[in-house]
Every structure is written in structure tokens, then in C-alpha cells.
Amino acid sequence: MSAHFSLDQIDEIVKTLQSRTSYRPRVSIILGSGLNDLANSVQTPDVIPFGELPHFPVSTVFGHAGRIIIGELEGQTVFVMQGRIHFYEGYTMAQVTLPIRVMQRFGIETMIVTNAAGGVNPEFIPGDVMLITDHLNFLGMMGHNPLMGPNYDEIGPRFPDMSQPYDRALCDLARGVAKKEKITLREGVYAGLSGPSFEGPADLRFLRLAGADSVGMSTVPEVIVARHGGLRVLGFSGISNKANLDGSTVTTHEEVIEAGKVITPKMEKLIRGVLRQL
Ligand code: HPA
């Protein structure tokens, strides 16, 4: 499996997409665990399973459909990733973030990213939605930055700025939608870890001390690659469980999927509201 993808390989995927759809989307949405159903709202969709694209990794996780759905939502043409690729599946960082490179070369300018996450902030309860205002790049700190390796100057700079991983204007739009729709929108810092084991109590106390409000196993590599390529990013965590800071409760993937049912309608309202104003 390739450690890095060449521009030619990325563009080969883009050409395949262009042959499978006449849509030319500017906005993408990545759906996290348990949030697949959001894609059902896309009108007159073209559906492309990951497995039908050259070089594309396939999603192996239950709760991740592994398809690209391109169609209309709230007057925008959207590119929806129903499922994503995770580092814990054994894929390389280049594979995990390949879809983002494809988005960029396909013309996407704005990416809305969602995930299921544990609530590290003790005020958060399962079913909450958190606007991601910043992140902790633990994977990068451990030497797994997706931008390691050759840099393609046509795509972005060698040393990209990360002062605003999550676009402030888009955050303001989301706050406005939440207010109008009377949705309680939490805010905070998402800590990105590799998984697949959930965190232990000491991990979680450390994450809280480090400033984390939510914790999950995705998103951060995707956002770094998106920012490298100049995409604007908006991010939401669906809080599926309370992080277990004292070791008194057990976390399961089933409860993550279950919480998605409460979170999906809120997430849908937020995303629809933002799309209307883009
Ligand atoms: N930890 C990490 N990832 C998660 C969690 C969690 O508690 N819940 C959902 N994804």
C-alpha cells in the first residue's frame, strides 16, 4: 500500500468521479459514526462506493457505509462521504486523508466534518452537539502527521499555517443557526487519538488537563490536509458518551451508534442551516 499518493493518482480518482457524476460540488460533508442517515436527505444523488474508485481505501467499520453521495441539499451541490477511513483500521495517513486530496482537486472549497466523540468536558451529556473550535493533534505529536513526506507545492505549502483550523466565520454561521433552531450547541476542543481502544481513566484526566472537551479517533488528520490545501473547515462532534474519568462506566461502539440517532436530527438542522447561507 502506498505511503504517498502522486498527483497523477489523485487526479485519476478525480477523473473517475467526473465520469460518474455531472455534479461539480463546492461543499463536502464527512459523516461520522452513527450519522450515516444524514446522507438520505441528499436529493437526486449519484452514489459511488469507495470500492469503485481506483486507489481508494474501503471503510471496514460497522456504522460506516463507505460511499460518496453527490447531489443537492438546501440549494447547494454537496459531496457527502458516508463513512470515512480511520488510522486504526491499519491504513496509512496518506490513505486516511486521500479523500480530502480528491475533494480539493475536484473543486471542493468548504468541508463540513462530523464525528462521534466522547465528552471529556464534564458538562457535556450524550446527545449533545459540540462545535469544534480547535483541536489537539495527538497523532501528529506522535509522528503521524499526514503531511509528512513529499510536499506538492501545487497543493499547498511545506509548512502550512494552522492558526485557524476551523473557520471563524463558519463557526459564527453555525452559532447563528443553532440559536435560530433552538439547538443547544456546545463548543470546544476536539482531541484526536488513534484508537481503536477507548481511553482509560488516566488518559481522560490527562486529556481534560490538556484542554480537551471531546475525544475521538478521526477528523484531525483530515482537517490538517484540508487546511494545507486551502479548504475552509467547519466541524461538529456528536457527543455519544460521557468520558469515563473515574473508571465507573463502560464505553461501547453500540452506544456510539445509538446516540447517533439523537444527534443526527440536530446535526442535520445545523448543516442545512449553514448550507443555506453559504
Ligand atoms: N473515545 C474515543 N472515541 C470515541 C468515543 C470515546 O469515548 N466515543 C465515540 N468515539
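This write-up is about the structure you can find in this document. (Residues numbered from 1 in each chain as written. Predicted model: local features only at pLDDT ≥ 70, side-chain atom pairs only at ≥ 80, totals over all residues. Heavy atoms only, no water.)

## As for helix H4 (residues 168-181)
Put simply, the rule is: To qualify as a helix, a DSSP run of H or I must reach at least 4 residues; to qualify as a strand, a run of E must reach at least 2; elements of each kind are numbered from the N terminus. In a helix, the anticipated span is given by 1.5 Å times the number of residues less one.
Taking 1.5 Å of rise per residue, the 14 residues of H4 would be expected to cover 20 Å, and the 20 Å separating its terminal C-alpha atoms lies within 8% of that figure. Backbone geometry just downstream of H4 places lysine 182 in the positive-phi region, at approximately 55°.

## Structural notes on the pairing of strand S5 (residues 110-119)
The cut-off we apply is this: Think of it in three bands: residues with accessible area under 20% of the maximum for their type are buried, residues over 50% are exposed, and the middle band is partly exposed, with areas taken using a 1.4 Å probe on protein chains only. For two strands to be treated as a pair, DSSP must find no fewer than two bridges joining them.
The buried fraction of S5 amounts to 9 of the 10 residues, a majority that puts the element mostly inside the structure. Pairing geometry for strand S1 (residues 27-31) and S5, over 4 bridges, is parallel. Each bridged residue has a counterpart across the sheet, and for isoleucine 29 the counterpart in S5 is isoleucine 112. Alignment of S5 against strand S9 (residues 232-242), held across 10 bridges, turns out to be parallel.

## Looking at the site of the ligand
Threshold: For each residue, the test is whether any non-hydrogen atom lies within 4 Å of the molecule or strand; if one does, the residue is near. We define a polar contact as two N or O atoms separated by no more than 3.5 Å, with the added condition that, inside protein, one atom must be a possible hydrogen donor and the other a possible acceptor, whereas residues neighbouring each other in sequence contribute only through side-chain atom pairs. With residues, only the protein chains shown are counted as cover, and all accessible areas are computed by Shrake-Rupley using a 1.4 Å probe. When residues are grouped by polarity, Ala, Val, Leu, Ile, Met, Phe, Trp, Tyr, Cys and Pro land in nonpolar, Asp, Glu, Lys and Arg in charged, and all others, Gly among them, in polar.
Near the ligand the following residues occur: Ala116, Ala117, Gly118, Phe198, Glu199, Val215, Gly216, Met217, Ser240, Asn241 and Val256. At 3.3 Å, a backbone N or O of glycine 118 approaches a nitrogen atom of the ligand. Measuring from a nitrogen atom of the ligand, one finds a side-chain N or O atom of asparagine 241 at 2.7 Å. Against a free-state accessible area of 260 Å², the protein chains account for coverage of 94% of the ligand. Those elements giving two or more residues to the shell around the ligand turn out to be S5, strand S8 (214-216) and S9. By residue number, the principal contributor to the shell around the ligand is S5, which donates 3 residues. Tallied by class, residues from the shell around the ligand come to 6 nonpolar, 4 polar and 1 charged.

## Quick look at the nonpolar core
Operational definition: Take the buried residues of types Ala, Val, Leu, Ile, Met, Phe, Trp, Tyr and Cys, join any two whose side-chain atoms come within 4.5 Å, and each joined set is a nonpolar core. Note on contacts: a residue pair is in contact if any heavy atoms of the two residues lie within 4.5 Å.
Grouped together as the largest cluster of nonpolar side chains are 73 residues, with contacts concentrated most on Leu17, Ile29, Ile68, Phe79, Met111, Ile112 and Phe236. Those residues in contact with phenylalanine 79, other than ones at most four positions away along the chain, are Leu17, Pro25, Val27, Ser28, Ile29, Ile68, Ile69, Ile70, Met103, Phe106 and Ile108.

## Observations concerning the packing of helix H1 (residues 7-20) against helix H2 (residues 93-106)
Angle between the axes and distance between the axes: these two values describe a pair of packed helices. Let me state the cut-off plainly: Under this scheme, a helix contributes an axis fitted over its contacting stretch, all axes are lines through C-alpha atoms, and angles between N-to-C directions fall in the 0 to 180 degree range. Angles are sorted into four bins: roughly parallel if under 35 degrees, roughly antiparallel if over 145, roughly perpendicular if 65 to 115, and oblique for all others. The handedness criterion is simple: a crossing whose near helix is rotated anticlockwise from the far helix by less than a right angle is left-handed, and one whose near helix is rotated clockwise is right-handed.
The contact between H1 and H2 brings their axes to 9 Å, and the two run at 65°. The angle between H1 and H2 falls in the class roughly perpendicular. Crossing angle aside, the handedness with which H1 passes H2 is right-handed. From H1, Leu7, Ile10, Asp11, Ile13, Val14, Leu17 and Gln18 reach across to H2, where they touch Leu98, Arg101, Val102, Arg105 and Phe106.

## A few points about the packing of aromatic side chains
For clarity, the cut-off: Pairing of aromatic rings covers Phe, Tyr and the six-membered ring of Trp, with a centre-to-centre limit of 6.5 Å; geometry is then stacked below 30 degrees between planes, edge-to-face above 60, and tilted otherwise.
Applying the stated criterion to the full structure yields 3 aromatic pairs. Ring centres of phenylalanine 138 and phenylalanine 206 lie 6.0 Å apart, and the angle between their planes is 50°; this geometry places the pair in the tilted category. Here the residue phenylalanine 138 occupies a position in helix H3 (residues 138-141), and phenylalanine 206 occupies one in helix H5 (residues 201-209), the gap between them amounting to 68 residues. A residue is classified by how much of its surface remains accessible, and phenylalanine 138, at 11% relative accessible area, is buried. On the basis of relative accessible area, phenylalanine 206 is assigned to the partly exposed category, the value being 48%.

## Topic: the side chain of glutamate 268
With respect to the helices, strands and loops of the structure, glutamate 268 is situated in helix H7 (residues 253-276). Not counting residues within four places of it along the chain, the set of residues in contact with glutamate 268 comprises Leu38 and Ser41.

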